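Summary of structural features
What follows is the residue order along each chain.
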Amino acid sequence: MVNVAPLSPTDFTQRQAPPVIRVLLRMFLLVLMVCYPGSISRLHAQGSTPVSIQFTNVTSAAGIKFVHFKGNKGISINREEFGPGVCVADFDGDGWQDIYFVNGRDLYNRGISARNSLYRNNGDGTFTDVTEKAGVPGTGYGLGCVWGDYDNDGFPDLYVTQYGRNVLYHNNGNGTFTINVIATWEESLAVVRRANTGGVLTLSTTTMATVLSPM
């Protein structure tokens, strides 16, 4: 449990605000002290009430066993610190949000197995790993992911950014996916949006260019 005590107005002027804002706030507080005696003490009293925020780790109880493998050999390099990605969507249309986790890979030929994971929301606070059934384990060292219905068939498709080549999984609408295209550049971030495109989704990535080619 974490107890967070909010800053009082005077604490804010001393520690958090930019210089110009601090000057303005101090002038405001001076006016309060002169014109409204006792107002500062009331402000302190209002700002001293602690706020209790509590989180409970339900990962195991929910059935999520995913563990990220960054694949480093000794001191990790940038690639191994960029991941992992995660994205959430109702891929099977049952009204419950499902989770896709992106994992690293063993790029040093050590025989270590790792894959991405798709967890289907059972609707009762638990999840089931359906990665193999759905056919979305990833095809390389994963960095990021994003859901988006690129062909407007009503089912969110999955784009995974990877080191080397990216993968676009088409949602077949029956709980399975088909690899549609592979990108020839690696990206660490992808964004799907619908803006000024007549309802058509556009895919934005962090690379200078993305070339799509048939599988």
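Residues numbered from 1 in each chain as written. Predicted model: local features only at pLDDT ≥ 70, side-chain atom pairs only at ≥ 80, totals over all residues. Heavy atoms only, no water.

Observations regarding the confidence of the model for the protein chain
- In this model, the protein chain carries an average pLDDT of 79, and 62% of its residues clear a pLDDT of 70 or more.
- This model gives residues 207-215 a pLDDT under 50, and the stretch forms 22 contacts once residues within four places in sequence are excluded. (pLDDT = per-residue confidence, 0-100. Contact = heavy atoms within 4.5 Å.)

Here's the deal with the pattern of salt bridges
- Tallying each qualifying case throughout the model produces seven salt bridges.
- The salt bridge involving glutamate 81 is made with lysine 70; its shortest N-O contact spans 2.9 Å. Taken together, the residues span a long stretch of sequence, with glutamate 81 in helix α4 (residues 78-82) and lysine 70 in the loop between β2 (51-53) and α4 at a distance of eleven residues.
- Residue lysine 70 is classed as partly exposed on the basis of its relative accessible area of 29%.
- Ionic pairing is found between arginine 120 and aspartate 94, a salt bridge with its closest N-O pair at 3.3 Å. Pair noted here: arginine 120 is in strand β5 (residues 117-121) and aspartate 94 is in the loop between β3 (86-89) and β4 (98-101), with a separation of 26 residues, a long-range link.
- On the basis of relative accessibility, which here comes to 29%, the residue arginine 120 falls in the partly exposed class.
- Under the relative-accessibility criterion, aspartate 94 is labelled partly exposed at 30%.
- Connected via shared salt-bridge partners are Asp92, Asp94 and Arg120. (Salt bridge = Lys/Arg side-chain N within 4 Å of Asp/Glu carboxyl O. Helix = DSSP H or I, 4+ residues; strand = E, 2+ residues; numbered from the N terminus. Buried < 20%, exposed > 50% of the residue type's maximum accessible area, 1.4 Å probe, protein only.)

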